[in-house]
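Residue-level listing of the chains:
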Amino acid sequence: MAKKIEKWKTLDTRYIIRRPWLTARVDRVQLPDGRINPEHYVLEYPDWVNVTAITAEGKFVFVRQYRHAFDGVFDELCAGVSEKGEQPVEAARRELLEETGYAGGEWTLTMTIGQNPSTCNNLTYCFLAQGVEKVGSQHLDASEDIEVVLKSEREVYDMLVADEMKQALMAAPLWRYFALKDKT
(Lines give C-alpha, C1' and ligand atoms only; values in the text may rest on other atoms or scores of the structure.)
Protein backbone atom coordinates (compact mmCIF):
# COMPACT_ATOMS: atom_id res chain seq x y z
CA MET A 1 0.00 0.00 0.00
CA ALA A 2 1.36 3.43 -0.96
CA LYS A 3 2.11 5.87 1.79
CA LYS A 4 -0.14 8.93 1.82
CA ILE A 5 1.94 12.11 1.71
CA GLU A 6 0.26 14.98 3.54
CA LYS A 7 0.85 18.70 3.82
CA TRP A 8 2.87 20.20 6.64
CA LYS A 9 1.28 22.57 9.12
CA THR A 10 2.93 25.98 9.52
CA LEU A 11 3.07 26.82 13.22
CA ASP A 12 5.00 30.09 12.99
CA THR A 13 6.61 32.30 10.36
CA ARG A 14 9.39 34.84 10.87
CA TYR A 15 10.88 37.03 8.13
CA ILE A 16 14.65 37.27 8.06
CA ILE A 17 14.91 39.79 5.23
CA ARG A 18 12.40 41.66 3.08
CA ARG A 19 13.98 43.47 0.16
CA PRO A 20 12.70 44.04 -3.38
CA TRP A 21 14.83 41.20 -4.82
CA LEU A 22 15.27 38.99 -1.76
CA THR A 23 12.67 37.95 0.76
CA ALA A 24 13.52 35.09 3.09
CA ARG A 25 11.51 33.61 5.89
CA VAL A 26 11.91 30.78 8.37
CA ASP A 27 8.86 28.66 9.13
CA ARG A 28 8.39 26.40 12.12
CA VAL A 29 6.44 23.47 10.72
CA GLN A 30 4.80 20.33 11.99
CA LEU A 31 5.01 17.21 9.85
CA PRO A 32 1.93 14.94 9.58
CA ASP A 33 3.43 12.46 12.07
CA GLY A 34 3.78 15.20 14.69
CA ARG A 35 7.50 15.91 14.39
CA ILE A 36 8.47 19.59 14.49
CA ASN A 37 11.00 21.16 12.15
CA PRO A 38 11.90 24.46 13.86
CA GLU A 39 13.72 25.97 10.86
CA HIS A 40 12.43 25.46 7.34
CA TYR A 41 13.70 28.30 5.14
CA VAL A 42 11.69 29.70 2.24
CA LEU A 43 12.78 32.24 -0.36
CA GLU A 44 9.86 34.29 -1.64
CA TYR A 45 10.10 35.63 -5.19
CA PRO A 46 7.58 37.07 -7.62
CA ASP A 47 6.71 34.82 -10.54
CA TRP A 48 9.16 34.84 -13.43
CA VAL A 49 8.83 34.50 -17.19
CA ASN A 50 11.18 33.45 -19.96
CA VAL A 51 10.83 33.44 -23.73
CA THR A 52 12.18 31.09 -26.36
CA ALA A 53 11.89 33.65 -29.15
CA ILE A 54 12.43 32.58 -32.75
CA THR A 55 12.47 34.95 -35.72
CA ALA A 56 10.63 34.29 -38.98
CA GLU A 57 14.05 33.31 -40.40
CA GLY A 58 14.44 30.62 -37.71
CA LYS A 59 16.98 32.42 -35.52
CA PHE A 60 16.72 32.12 -31.75
CA VAL A 61 16.88 35.46 -29.93
CA PHE A 62 19.26 35.21 -26.97
CA VAL A 63 20.63 37.76 -24.55
CA ARG A 64 24.26 37.74 -23.46
CA GLN A 65 24.99 39.14 -20.02
CA TYR A 66 27.27 38.91 -17.01
CA ARG A 67 25.95 36.85 -14.09
CA HIS A 68 27.64 37.93 -10.87
CA ALA A 69 26.85 34.88 -8.72
CA PHE A 70 28.57 32.62 -11.30
CA ASP A 71 31.15 35.31 -12.21
CA GLY A 72 30.71 34.74 -15.93
CA VAL A 73 29.09 35.89 -19.14
CA PHE A 74 26.30 33.66 -20.40
CA ASP A 75 23.92 33.40 -23.35
CA GLU A 76 20.39 33.04 -22.04
CA LEU A 77 16.76 33.34 -22.99
CA CYS A 78 15.08 36.67 -22.47
CA ALA A 79 13.57 36.55 -18.99
CA GLY A 80 12.33 38.64 -16.12
CA VAL A 81 9.86 39.27 -13.35
CA SER A 82 6.11 39.26 -13.75
CA GLU A 83 5.09 42.51 -12.06
CA LYS A 84 2.27 42.53 -9.51
CA GLY A 85 -1.07 42.33 -11.37
CA GLU A 86 0.59 41.55 -14.70
CA GLN A 87 -0.41 38.41 -16.58
CA PRO A 88 2.58 36.15 -17.37
CA VAL A 89 2.20 36.51 -21.15
CA GLU A 90 2.09 40.31 -20.79
CA ALA A 91 5.27 40.18 -18.71
CA ALA A 92 6.97 37.93 -21.25
CA ARG A 93 6.05 40.22 -24.17
CA ARG A 94 7.25 43.27 -22.19
CA GLU A 95 10.55 41.63 -21.23
CA LEU A 96 11.25 40.51 -24.80
CA LEU A 97 10.64 44.00 -26.14
CA GLU A 98 12.61 45.76 -23.38
CA GLU A 99 15.63 43.45 -23.46
CA THR A 100 15.86 42.77 -27.20
CA GLY A 101 13.65 45.12 -29.21
CA TYR A 102 11.82 42.08 -30.66
CA ALA A 103 8.04 41.65 -30.59
CA GLY A 104 5.08 40.07 -32.38
CA GLY A 105 4.78 36.49 -33.49
CA GLU A 106 2.64 33.65 -32.21
CA TRP A 107 2.91 32.96 -28.49
CA THR A 108 2.40 29.67 -26.64
CA LEU A 109 2.85 28.81 -22.98
CA THR A 110 5.04 25.70 -23.17
CA MET A 111 5.53 24.91 -19.49
CA THR A 112 5.24 26.25 -15.96
CA ILE A 113 8.07 25.21 -13.66
CA GLY A 114 9.54 25.96 -10.24
CA GLN A 115 13.19 26.43 -9.50
CA ASN A 116 13.13 24.51 -6.21
CA PRO A 117 9.71 23.87 -4.65
CA SER A 118 11.36 22.83 -1.41
CA THR A 119 12.63 26.31 -0.65
CA CYS A 120 11.28 28.74 -3.29
CA ASN A 121 7.64 29.75 -3.64
CA ASN A 122 7.46 31.15 -7.18
CA LEU A 123 6.75 29.79 -10.65
CA THR A 124 8.41 30.43 -13.99
CA TYR A 125 6.13 30.67 -17.01
CA CYS A 126 7.98 29.58 -20.16
CA PHE A 127 6.76 30.87 -23.50
CA LEU A 128 7.57 30.06 -27.10
CA ALA A 129 7.25 33.08 -29.40
CA GLN A 130 7.56 32.11 -33.07
CA GLY A 131 7.93 34.65 -35.86
CA VAL A 132 9.15 37.58 -33.76
CA GLU A 133 10.53 40.64 -35.52
CA LYS A 134 12.90 43.44 -34.57
CA VAL A 135 10.58 46.42 -33.97
CA GLY A 136 12.67 48.75 -31.81
CA SER A 137 15.66 49.21 -29.58
CA GLN A 138 16.43 47.92 -26.11
CA HIS A 139 15.04 49.68 -23.04
CA LEU A 140 17.18 48.27 -20.25
CA ASP A 141 16.94 48.67 -16.49
CA ALA A 142 19.73 50.58 -14.77
CA SER A 143 21.45 47.35 -13.67
CA GLU A 144 21.22 45.61 -17.06
CA ASP A 145 24.02 45.35 -19.61
CA ILE A 146 22.70 43.05 -22.34
CA GLU A 147 23.83 42.15 -25.84
CA VAL A 148 21.30 40.58 -28.22
CA VAL A 149 22.63 37.46 -29.94
CA LEU A 150 20.89 35.53 -32.71
CA LYS A 151 21.63 31.80 -32.87
CA SER A 152 20.73 29.08 -35.30
CA GLU A 153 18.75 26.09 -34.09
CA ARG A 154 21.90 23.97 -34.39
CA GLU A 155 23.90 26.43 -32.27
CA VAL A 156 21.25 26.33 -29.54
CA TYR A 157 21.13 22.53 -29.57
CA ASP A 158 24.95 22.30 -29.49
CA MET A 159 25.04 24.77 -26.59
CA LEU A 160 22.70 22.52 -24.61
CA VAL A 161 24.62 19.35 -25.44
CA ALA A 162 27.90 21.05 -24.48
CA ASP A 163 26.41 21.95 -21.06
CA GLU A 164 26.88 25.67 -21.65
CA MET A 165 23.38 26.65 -20.48
CA LYS A 166 23.75 27.05 -16.70
CA GLN A 167 20.32 28.55 -16.03
CA ALA A 168 18.12 25.50 -15.38
CA LEU A 169 14.87 27.45 -15.80
CA MET A 170 16.00 28.25 -19.34
CA ALA A 171 17.53 24.91 -20.22
CA ALA A 172 14.28 23.10 -19.39
CA PRO A 173 12.07 24.86 -21.98
CA LEU A 174 14.82 24.63 -24.60
CA TRP A 175 15.17 20.87 -24.04
CA ARG A 176 11.37 20.63 -24.20
CA TYR A 177 11.39 22.53 -27.49
CA PHE A 178 13.81 20.04 -29.02
CA ALA A 179 12.05 17.03 -27.48
CA LEU A 180 8.70 18.05 -28.97
CA LYS A 181 10.00 19.51 -32.23
CA ASP A 182 8.43 17.80 -35.25
CA LYS A 183 6.14 15.76 -32.96
CA THR A 184 3.23 18.20 -32.83
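This one's a predicted model, so the numbers in the text were calculated from it and none came from an experiment.

(A) Spatial organisation of the nonpolar core. The biggest cluster of nonpolar side chains holds 16 residues, and the ones touching the most others in it are Phe-60, Phe-62, Val-156, Leu-160, Met-165, Leu-174 and Tyr-177. Elements that contribute at least two residues to this core include exactly strand E5 (60-67), helix H2 (153-161) and helix H3 (168-180). Sorting elements by how many residues they give to this core places H3 first, with five residues. The contacts of Leu-160, once residues within four sequence positions are left out, are Met-165, Ala-171, Leu-174, Trp-175 and Phe-178.

(B) Molecular detail of the environment of Leu-123. Tracing the backbone shows Leu-123 in the loop between strand E9 (106-113) and strand E10 (124-134). The spatial distance from the C-alpha of Leu-123 to the C-alpha of Val-49 is 8.3 Å, given a sequence separation of 74 residues. Sequence-distant contacts of Leu-123, defined by excluding residues within four places in its chain, comprise Asp-47, Trp-48, Thr-112 and Ile-113.

(C) Broad picture of the packing of aromatic side chains. Within the structure shown, the criterion is met by eight aromatic pairs. A ring pair is formed by Tyr-157 and Trp-175, whose centres lie 6.0 Å apart and whose planes are at 80°; its orientation type is edge-to-face. Residue Tyr-157 is found in helix H2, and its partner Trp-175 is found in helix H3; the two are separated by 18 residues along the sequence. In this structure Trp-175 comes out as partly exposed when scored by relative accessible area, which is 38%. Classification of Tyr-157 as partly exposed rests on a relative accessible area of 29%. In textbook terms, an aromatic cluster arises when at least three aromatic residues are bridged by ring pairs, as seen for Phe-60, Tyr-157, Trp-175, Tyr-177 and Phe-178. Positioned above the aromatic ring of Tyr-15, the side-chain terminus of Arg-18 is 3.6 Å from the ring centre.

(D) Main features of the pattern of salt bridges. Counted under the stated rule, the structure contains 14 salt bridges. Note that Glu-86 is salt-bridged to Arg-94, the shortest N-O span being 2.8 Å. Overall, Glu-86 belongs to the buried group, its relative accessible area being 17%. Taking the relative accessible area as the measure of exposure, Arg-94 reaches 21% and is therefore partly exposed. Here Glu-95 and Arg-94 are joined by a salt bridge, their closest N and O atoms 3.0 Å apart. On the accessibility criterion, Glu-95 (7% relative accessible area) is buried. Each of Arg-64, Asp-75, Glu-147 and Lys-151 takes part in a single network of salt bridges with overlapping partners.

(E) Looking closely at the sheet that holds strand E3 (residues 36-44). An order of E1-E2-E3 is seen for the three strands of this open sheet, with the pairing classed as antiparallel. At either end of the open sheet lies a strand with only one pairing partner, and these are strand E1 (9-19) and E3. Each strand axis lies, on average, 20° off the axis of its neighbour in the sheet, ignoring direction. Pairing analysis gives nine bridges linking E1 to strand E2 (residues 22-30), with the strands arranged antiparallel. Of the residues in E2, the one forming a bridge with Ile-17 is Ala-24.

(F) Highlighting the environment of Asp-182. Looking at where Asp-182 falls in the secondary structure, it is placed in the segment after H3. Looking at Asp-182, its side chain comes within polar contact range of the side chain of Lys-181, at 3.3 Å.

(G) Representation of the layout of surface pockets. By volume, the largest pocket amounts to about 1400 Å³. Lining the largest pocket we find 37 residues, and of these Trp-21, Trp-48, Arg-67, Gly-80 and Gln-167 sit closest to its centre. Secondary-structure elements contributing two or more residues to the lining of the largest pocket are strand E4 (48-55), E5, strand E6 (72-76), strand E7 (78-81), helix H1 (88-100) and H3. With four residues, the top contributor of residues to the lining of the largest pocket is H1. A per-class count over the lining of the largest pocket returns 16 nonpolar, nine polar and 12 charged.

Rules used throughout
- Residues numbered from 1 in each chain as written.
- Predicted model: local features only at pLDDT ≥ 70, side-chain atom pairs only at ≥ 80, totals over all residues.
- Heavy atoms only, no water.
- Core = buried A, V, L, I, M, F, W, Y, C linked by side-chain atoms within 4.5 Å.
- Buried < 20%, exposed > 50% of the residue type's maximum accessible area, 1.4 Å probe, protein only.
- Helix = DSSP H or I, 4+ residues; strand = E, 2+ residues; numbered from the N terminus.
- Contact = heavy atoms within 4.5 Å.
- Phe/Tyr/Trp six-rings, centres within 6.5 Å; stacked < 30°, edge-to-face > 60°.
- Lys NZ or Arg CZ within 6 Å of the ring centre and 35° of its normal.
- Salt bridge = Lys/Arg side-chain N within 4 Å of Asp/Glu carboxyl O.
- Pairing = 2+ DSSP bridges.
- Axes fitted to C-alpha atoms, helices over the stretch in contact; angles between N-to-C directions.
- Polar contact = N/O pair within 3.5 Å; in protein donor to acceptor, adjacent residues only side chain to side chain.
- 1 Å grid on protein atoms, 1.4 Å probe; cavity = no way out; pocket = protein on both sides within 12 Å on 5 of 7 lines; lining within 4 Å.
- Points joined across faces, edges and corners; volume = space filled by probe spheres on them.
- Nonpolar A, V, L, I, M, F, W, Y, C, P; charged D, E, K, R; others polar.

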